[in-house]
Amino acid sequence: MTRNIWDPIKPLDMRRVKHQPPKRILVANAKGGSGKTTVTINIAAYLAKHKNNVALIDHDPQGSSSQWLSVRNDKLPDIYSVAAFRRCDVNTTRSYQLNVPSDTTHIVIDTPAGLSGNVLSDHLRHCDVILIPVVPSAIDIRAATSFIKDVLLSPGFRAKPKPIAVIANRVKSNTLGYKKLGIFLASLNIPFISSLRDTQHYVRAAEFGMGIHDFSSPHEKDLSDWQSLINWLKIQFER
Ligand SMILES: Nc1ncnc2c1ncn2[C@@H]1O[C@H](COP(=O)(O)OP(=O)(O)OP(=O)(O)O)[C@@H](O)[C@H]1O
Ligand SMILES: [Mg+2]
């Protein structure tokens, strides 16, 4: 019998009953190039594929997530775009979130490199879960350590702590850096929910406004990489 490629990931219906506020997923790491946009767009695409009403808020002046949406094929499930970076007022985080369609179930928020201080605090205040993608190299792990400390000490987080998880991104193999990342996270009691392999599939999917789950035959390893990430989100949303 042919195995269905979708078997490893059970379609996750995260639709919520009407009038419940959308779940807000903040993707952040002050380190540039850690995979924030890649994680954001793949989560948005996954949720949209599974019949959720998704809004993507892009706070990065580079506009990478917004550009990704602008090349998305009309036949793919719709994702509502908010190019929040076009406004410079740092106090508008909340108002952007209120301006998404009323039936929005999930908001995925892409943030720029260098996020710190009051702007970081504001984002942390107005989200439900925080995902931190980290490339497992010594330099990136050091930067992530510092960023995670900033998050934990930020007034916006301390006012109402929320679940944080780390995703190792562009993992090439079971390298020393990868092991160090695990030790570091264990010391902070922060879950390490997934490791995404380094593959051109992410790059190719992004070119066409797709997530890797939109490919007709996604690579099994990529599907399993995403399973734990999606499962973790699901657990947080069911709490
Ligand atoms: N798992 C992966 N495999 C291969 N390439 C990847 C992977 N993740 C990200 N990339 C590529 O690495 C580059 C940086 O990724 P991305 O833009 O997602 O990072 P970022 O944290 O959003 O960067 P910035 O801080 O500039 O916003 C991009 O070219 C992206 O396509
Ligand atoms: Mg980015």
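1. A word on the overall build of the protein chain
Broken down by element type, the protein chain carries 9 helices and 7 strands. Expressed as a percentage of its 239 residues, the buried residues of the protein chain come to 41%. Looking at the protein chain alone, contacts between residues at least 24 apart form 81% of all its contacts between residues at least 6 apart.

2. Considering the nonpolar core
Ile25, Ala44, Leu56, Val108, Ile130 and Ile132 are the most contacted members of the largest nonpolar core, which totals 58 residues. Looking at which element gives the most residues to this core, the answer is helix α1 (residues 36-49), with 8 residues. Beyond its immediate sequence surroundings of up to four residues, isoleucine 25 is in contact with Ile43, His106, Ile107, Val108, Ile109, Val129, Leu131 and Leu233.

3. As for the site of ligand 1
Lining the immediate environment of ligand 1, one finds 20 residues, of which Gly32, Lys36, Thr37, Thr38 and Ala113 sit closest. Looking at side-chain class alone, the shell around ligand 1 contains 6 nonpolar, 10 polar and 4 charged residues.

4. Things to note about helix α9 (residues 220-238)
Between the first and last C-alpha of α9 there are 27 Å, a value that for 19 residues agrees with the 27 Å anticipated at 1.5 Å per step. Listing the buried residues of α9 in full gives Asp222, Asp225, Trp226, Leu229, Ile230 and Leu233.

5. Regarding the sheet that holds strand β6 (residues 164-171)
Spatial ordering of the open sheet is given by β3-β2-β4-β1-β5-β6-β7, a layout of 7 strands whose pairing is parallel. Among the strands making up the open sheet, the edge pair consists of β3 (79-82) and β7 (192-197). Sheet twist, expressed as the average angle between the axes of neighbouring strands with direction ignored, equals 20°. Lying on the sheet, α1 is in contact with β1 (23-27), β2 (54-58), β3, β4 (106-110), β5 (129-134) and β6; it crosses β4 at an angle near 165°. Sheet contacts for α9: β1, β5, β6 and β7; angle to β7, the most-contacted strand, approximately 155°.

6. So, the environment of isoleucine 230
Within the fold, isoleucine 230 resides in helix α9. Sequence spacing of isoleucine 230 and isoleucine 193 is 37 residues, and the spatial spacing of their C-alpha atoms is 9.2 Å.

7. So, the confidence of the model for the protein chain
Averaged over all residues, the pLDDT of the protein chain is 88; the fraction at 70 or higher stands at 86%. In this model residues 1-8 is a low-confidence stretch, pLDDT under 50, and it forms 7 contacts with partners more than four residues away in sequence or in other chains.

8. Let's talk about the pairing of β2
Most of β2 is tucked away: 5 of the 5 residues are buried. Both faces of β2 are covered, namely the face carrying Val54, Leu56 and Asp58 and the face carrying Ala55 and Ile57. Sheet topology places β2 next to β3; 4 bridges connect them, and they run parallel. For alanine 55, the partnering residue across the bridge sits in β3 and is tyrosine 80. Regarding the hand of the β-α-β motif, the stretch spanning β2, helix α2 (residues 64-70) and β3 is right-handed. Bridge count between β2 and β4: 5 bridges; the pairing is parallel. The residue of β4 that forms the bridge with aspartate 58 is aspartate 110.

9. Here's the deal with unusual backbone geometry
Non-glycine residue arginine 170 carries a positive phi angle of around 60°. In this model, asparagine 189 sits at a positive phi of 60°, which is unusual for a non-glycine residue.

What counts, and where the lines are drawn
- Residues numbered from 1 in each chain as written.
- Chains lettered and ligands numbered in written order.
- Predicted model: local features only at pLDDT ≥ 70, side-chain atom pairs only at ≥ 80, totals over all residues.
- Helix = DSSP H or I, 4+ residues; strand = E, 2+ residues; numbered from the N terminus.
- Buried ≥ 20, exposed ≤ 12 C-beta atoms within 10 Å, placed from the backbone.
- Contact = placed C-beta atoms within 7 Å.
- Core = buried A, V, L, I, M, F, W, Y, C linked by C-beta atoms within 7 Å.
- Near = placed C-beta within 6 Å.
- Nonpolar A, V, L, I, M, F, W, Y, C, P; charged D, E, K, R; others polar.
- Expected span 1.5 Å × (residues − 1).
- Pairing = 2+ DSSP bridges.
- Axes fitted to C-alpha atoms, helices over the stretch in contact; angles between N-to-C directions.
- pLDDT = per-residue confidence, 0-100.
- Right-handed = clockwise from strand over helix to strand, strands pointing away.

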